[in-house]
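# Fold and contact review
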Amino acid sequence: MIQSVSTAEHKTEYLRRLSGKPYFEAVLGTHLRLFGQHPASGWAFYLLPGTAVLELRGGSAVVCGALPGGSAGEDAREELAGFLRFLCADRLRTEQPLALAGWQPAAPLTLWELPQGSALPLPPAYPAELVRDTAPSMLPVSRLVFAENDAEADEFYSTACTALAHGVGVCHALLQDGRPVCTVGCYEQSNTESYMAAGVTDPAWRGRGLARRLIVEMANTLAAERTVRFACEQTLCGFYEQLGFVQNGKINYYTTDWNMQ
């Protein structure tokens, strides 16, 4: 049975199931702590049969843990597939491989890390006309991250500001005349992990090494206290390997098109 995380006991169990899971503990745990008591936020959290949990927001779903085996597992997978269809989810990330009716595997995401206490060599310095800001205004940053989608920019702005207001993470940006042209952030953390995300460079400034330097500077700063992790698509793996990050597993990714079924 799928149970909404609606009590203190449910919340404790949800976090227990995430404990020690790279990526999932920091990301899903932060979302539950920040948004679990605010239904209007758009986030929803559930306990699944077995040892699994489910996070939902819009069309995106994340499952961490394992469903039971045997006939109980078949029933659980059928219930989960129907539940995701009812809520119109069409993107799914999972800790473990998960076969659901109507869902197709896509290219997995690669998880990278910089262990706590480590530091990467710094790439070349920025152009002299750029200034690094370690606490930039988030409104223009959100417009840089989602330059072509105002709705996603607004969602990112709200989520990032909530995380920063609660002391969860930081944002760095490079400014040209006060306008951000490159940014990277950390908006989810656990006691042992800082998860980096939203690394974006203005198209007019790409190819000049801005992101290399900004990402490494943030990672080195965060790694003084926690292991740094982030996920990326296959096309970016060579870039992060060159910077010195090490791989630490995969995140399974699935898609569906309910209109075709």
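Residues numbered from 1 in each chain as written. Predicted model: local features only at pLDDT ≥ 70, side-chain atom pairs only at ≥ 80, totals over all residues. Heavy atoms only, no water.

## Concerning a negative patch on the surface
This is how it is decided: Residues forming no salt bridge and having over 30% relative accessible area are the ones grouped into patches, like charges within 9 Å of each other and nonpolar side chains (Val, Leu, Ile, Met, Phe, Trp, Tyr) within 5 Å. Residue burial considers only the protein chains on display, and all accessible areas are found by Shrake-Rupley using a 1.4 Å probe. One side-chain nitrogen of Lys or Arg within 4 Å of one carboxyl oxygen of Asp or Glu is enough to make a salt bridge. Charge convention: Lys and Arg are scored as positive, Asp and Glu as negative, and His as well as the terminal groups of each chain are ignored. A single reference atom marks each charge: NZ on Lys, CZ on Arg, CG on Asp, CD on Glu. Labels follow the DSSP assignment, with helices taken as runs of H or I lasting at least four residues and strands as runs of E lasting at least two, numbered in each case from the N terminus.
A grouping of Glu74, Asp75, Glu78 and Glu79 is seen on the molecular surface, where their side chains present a negatively charged patch. Checked against the element boundaries, Asp75 lands in helix α3 (residues 70–86).

## Structural notes on the packing of aromatic side chains
Let me state the cut-off plainly: Paired rings are identified among Phe, Tyr and Trp, the last through its six-membered ring, by centres lying within 6.5 Å, and are further divided according to the angle between planes into stacked (under 30 degrees), edge-to-face (over 60) and tilted (the rest). Comment: the charge-over-ring label is applied if NZ (Lys) or CZ (Arg) is within 6 Å of the ring centre and within 35 degrees of the ring normal.
Scanning all chains against the criterion turns up 11 aromatic pairs. Considering the side-chain rings of Phe239 and Tyr240, the 4.9 Å spacing of their centres and the 75 degrees angle between planes classify their relative orientation as edge-to-face. Members of the aromatic cluster, connected to one another through ring pairs, are Phe230, Phe239, Tyr240 and Phe245. Against the face of Tyr126 rests Arg213, its NZ or CZ located 5.8 Å from the ring centre.

## Quick look at the pattern of salt bridges
Definition in use: The buried label applies to any residue whose accessible area, calculated with a 1.4 Å probe on protein chains only, is under 20% of its type's maximum; exposed applies above 50%, and partly exposed to all values in between.
As enumerated under the stated definition, the model contains 12 salt bridges in all. With its nearest N and O atoms 3.9 Å apart, the salt bridge here joins Arg208 to Glu129. Highlighted residues: Arg208 in the loop between β10 (193–201) and α6 (210–223) and Glu129 in the loop between β6 (104–114) and β7 (131–133), separated in sequence by 79 residues. Classification of Arg208 as partly exposed rests on a relative accessible area of 45%. For Arg179, the salt bridge identified is with Asp202, shortest N-O distance 3.2 Å.

## Side note on the sheet that holds strand β9 (residues 179–189)
Put simply, the test is: Pairs of strands are assigned from DSSP output, requiring at least two bridges between the strands. Contacts between residues were defined by any pair of non-hydrogen atoms, one from each residue, lying within 4.5 Å. Only the stretch in contact is used when a helix axis is fitted, and all axes are lines through C-alpha atoms; the angle between N-to-C directions ranges over 0 to 180 degrees.
Reading across from one edge, β1-β2-β3-β4-β5-β12-β6-β11-β10-β9-β8-β7 is the order of the 12 strands in this open sheet, with mixed pairing throughout. Looking at strand neighbours, the two that pair on one side only are β1 (3–4) and β7, the edges of this open sheet. Two elements, β10 and strand β11 (residues 227–232), share three bridges in a ladder whose sense is parallel. Within the sheet, the bridge partner assigned to Glu193 lies in β11 and is Thr227. Seen against the sheet, helix α1 (residues 8–18) touches β1, β2 (43–47), β3 (53–57) and β4 (60–64) and runs at an angle of roughly 80 degrees to β2.

## Concerning helix α2 (residues 24–35)
Rule in force here: Under the convention used throughout, the expected extent of a helix is 1.5 Å for every residue step, that is, one less than its residue count.
Its 12 residues give α2 an end-to-end C-alpha distance of 16 Å, which sits within 8% of 16 Å, the value for a rise of 1.5 Å per residue. In terms of burial, α2 is a largely internal element, 10 of the 12 residues being buried. Regarding α2, the residues found buried are Phe24, Ala26, Val27, Leu28, Gly29, Thr30, His31, Leu32, Leu34 and Phe35.

## What about the nonpolar core?
For clarity, the threshold we go by: Nonpolar core, defined: a set of buried Ala, Val, Leu, Ile, Met, Phe, Trp, Tyr and Cys residues in which side-chain atoms within 4.5 Å join the residues together.
Counting 60 residues, the largest nonpolar core has Tyr14, Leu28, Met196 and Phe245 as its most contacted members. Setting aside its immediate chain neighbours within four residues, Met196 contacts Gly185, Cys186, Ile215, Met218, Ala219, Leu222, Val228, Arg229, Phe230 and Phe245. In terms of nonpolar packing, the next biggest core, distinct from the first, is built from 20 residues, Leu56, Leu67, Leu92 and Tyr254 among them.

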